[in-house]
Amino acid sequence: MTTTLAVANQKGGVAKTTSVASIGAALGELGHKVLLVDLDPQACLTFSLGIDPEDLELSVHHVLTKGLDPIEVILETDDGVDLLPATIELARAEADLLTRTGREHVIKTSLEMLEDSEVEYDWVLLDCPPSLGVLTVAALTAADGVLVPLQCETLSHRGVGQLLDTVHDVRRFTNRRLEVWGVLPTLYDGRTNHARTVLETISETYQLDVVEPPIPKTIRFAEAPAAGRSILATSRSSKGARAYREVAENLVTRAKRPRKSTKGR
């Protein structure tokens, strides 16, 4: 059974795309078949995996707005995961979808098309844009769970609350089985009391699990996209790579829990 995980936070600069690429690569190392879906018009995930968006004729935009079979768009990457890439054209998708009936289900419908193909994925990771617009709502509607990358600073509080309000609405109207898997601390400096305090406060305030271990702040993350690979390939033994491998193992364990029924609330 495929596990679809939305990685979402409308606040930028929280290592969301880095987390998608790194967790995806780590799951691949564990022997899982993984599809990453770039839902950000900035196409940072696509670029960071060694693919120039400007060279692409087809992208996730055509899948979502034109009904193209995703199999025709999916690319293999050097990190051992498959990618449904984005281009700047995706910026038009929000406007194109706004007037479309059933727009919240457009990603779910596209992923269901994959079930009719010969390719079966163990994991689909959705890299959401830094907003709470149509694409993020559609991603949450398609997902089994949502993971919230979180930089441990005071301003993160407000963003988490807004995201959880959106999750509540999605549960109510379009996806009753959606579960919040927890927050993933990123850019974490455990030497500071501030980082530890913010993490503890957010966990307690919103009753959220914390996905361990925290991802440390390291320059190695900045170097990886330039090589078109994840940190698991460019700096295999670094503390950042080790942390993401452990996170991936914990997510695999989390995925084995019984899934929420679609009946009732």
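Calculation notes
- Residues numbered from 1 in each chain as written.
- Predicted model: local features only at pLDDT ≥ 70, side-chain atom pairs only at ≥ 80, totals over all residues.
- Heavy atoms only, no water.
- Helix = DSSP H or I, 4+ residues; strand = E, 2+ residues; numbered from the N terminus.
- Salt bridge = Lys/Arg side-chain N within 4 Å of Asp/Glu carboxyl O.
- Buried < 20%, exposed > 50% of the residue type's maximum accessible area, 1.4 Å probe, protein only.
- Phe/Tyr/Trp six-rings, centres within 6.5 Å; stacked < 30°, edge-to-face > 60°.
- Axes fitted to C-alpha atoms, helices over the stretch in contact; angles between N-to-C directions.
- Parallel < 35°, antiparallel > 145°, perpendicular 65-115°, else oblique.
- Contact = heavy atoms within 4.5 Å.
- Nonpolar A, V, L, I, M, F, W, Y, C, P; charged D, E, K, R; others polar.
- Pairing = 2+ DSSP bridges.
- Core = buried A, V, L, I, M, F, W, Y, C linked by side-chain atoms within 4.5 Å.
- Expected span 1.5 Å × (residues − 1).

1. Section: the environment of Met1
Now for step 1: You can see Met1 is positioned in the segment before β1 (3–7).
Now for step 2: For the pair Met1 and Thr201, spaced 200 residues apart in sequence, the C-alpha separation works out to 35 Å.

2. Topic: the pattern of salt bridges
Now for step 1: Inspection of every chain in the model, using the stated rule, returns 10 salt bridges.
Now for step 2: Here Glu29 ties to Arg236 by a salt bridge, and the two come within 3.0 Å at their closest N and O atoms. Separated by 207 residues along the polypeptide, Glu29 in helix α1 (residues 16–29) and Arg236 in the loop between α10 (231–234) and α11 (239–255) bring together distant segments of the chain.
Now for step 3: Overall, Arg236 belongs to the partly exposed group, its relative accessible area being 48%.
Now for step 4: Residue Glu112 pairs with Lys108 through a salt bridge whose shortest N-O separation is 2.8 Å. Linking Glu112 with Lys108, this pair stays in helix α5 (residues 106–115), spanning four residues, or about one helical turn.

3. Notes on the packing of aromatic side chains
Aromatic rings in a pair are described by how distant their centres are and how their planes are angled relative to each other.
Now for step 1: Scanning all chains against the criterion turns up two aromatic pairs.
Now for step 2: Aromatic side chains Trp123 and Trp181 sit 6.1 Å apart centroid to centroid with 85° between the ring planes, which places their arrangement in the edge-to-face category. Remark: Trp181 occurs in strand β7 (residues 179–186) and Trp123 occurs in strand β5 (residues 123–127); sequence separation between them is 58 residues. The pair formed by Trp123 and Trp181 is uniform in burial state, with each residue classed as buried.
Now for step 3: A centroid spacing of 5.7 Å and a plane angle of 85° characterise the contact between Phe221 and Tyr244, whose relative ring orientation is edge-to-face. With a gap of 23 residues between them, Phe221 in helix α9 (residues 220–227) and Tyr244 in helix α11 connect regions that are remote in the sequence. Take Phe221 and Tyr244: they sit in the same class, and that class is buried.

4. Let's talk about the packing of α5 against helix α6 (residues 134–142)
Now for step 1: In the contact formed by α5 and α6, the axes pass within 7 Å of each other and the chain directions differ by 50°. In this view, α5 runs oblique relative to α6, as classed from their interaxial angle. Taken together, the residues of α6 that come into contact with α5 (itself represented by Val106, Ile107, Lys108 and Leu111) are Leu135, Ala138, Ala139, Thr141 and Ala142.
Now for step 2: Its residues placed into classes, the contact of α5 with α6 shows seven nonpolar, one polar and one charged.

5. Re the sheet that holds strand β4 (residues 82–84)
Now for step 1: What the seven strands build is an open sheet, ordered β3-β4-β2-β5-β1-β6-β7; its pairing is mixed. Lying at the two open borders of the sheet, with one neighbouring strand each, are β3 (75–76) and β7.

6. Remarks on the nonpolar core
Now for step 1: Core analysis: the largest hydrophobic core is formed by 51 residues, its most contacted members being Ile107 and Leu126.
Now for step 2: Of the residues forming this core, the biggest block, seven residues, is contributed by α6.
Now for step 3: Each residue touching Ile107, except ones within four places of it in the same chain, is listed here: Leu39, Leu64, Leu126, Leu135, Ala138, Ala139 and Ala142.
Now for step 4: Counting residues in each nonpolar core, the second largest holds 34 residues, with Val7, Trp123, Ala224 and Leu232 among its members.

7. Some words on α1
Now for step 1: Compared with an ideal rise of 1.5 Å per residue, which puts 14 residues at 20 Å, α1 spans 20 Å between its outermost C-alpha atoms and is within 8% of the ideal.
Now for step 2: Burial analysis of α1 places 11 of its 14 residues in the buried class, which makes it a mostly covered element.
Now for step 3: Burial in α1 covers these residues: Lys16, Thr17, Ser19, Val20, Ala21, Ser22, Ile23, Gly24, Ala25, Ala26 and Leu27.
Now for step 4: One or two steps after α1, the chain reaches Gly31, where phi turns positive at roughly 95°.

Note that every value here comes from positions in space, so none of it alone points to a role or purpose.
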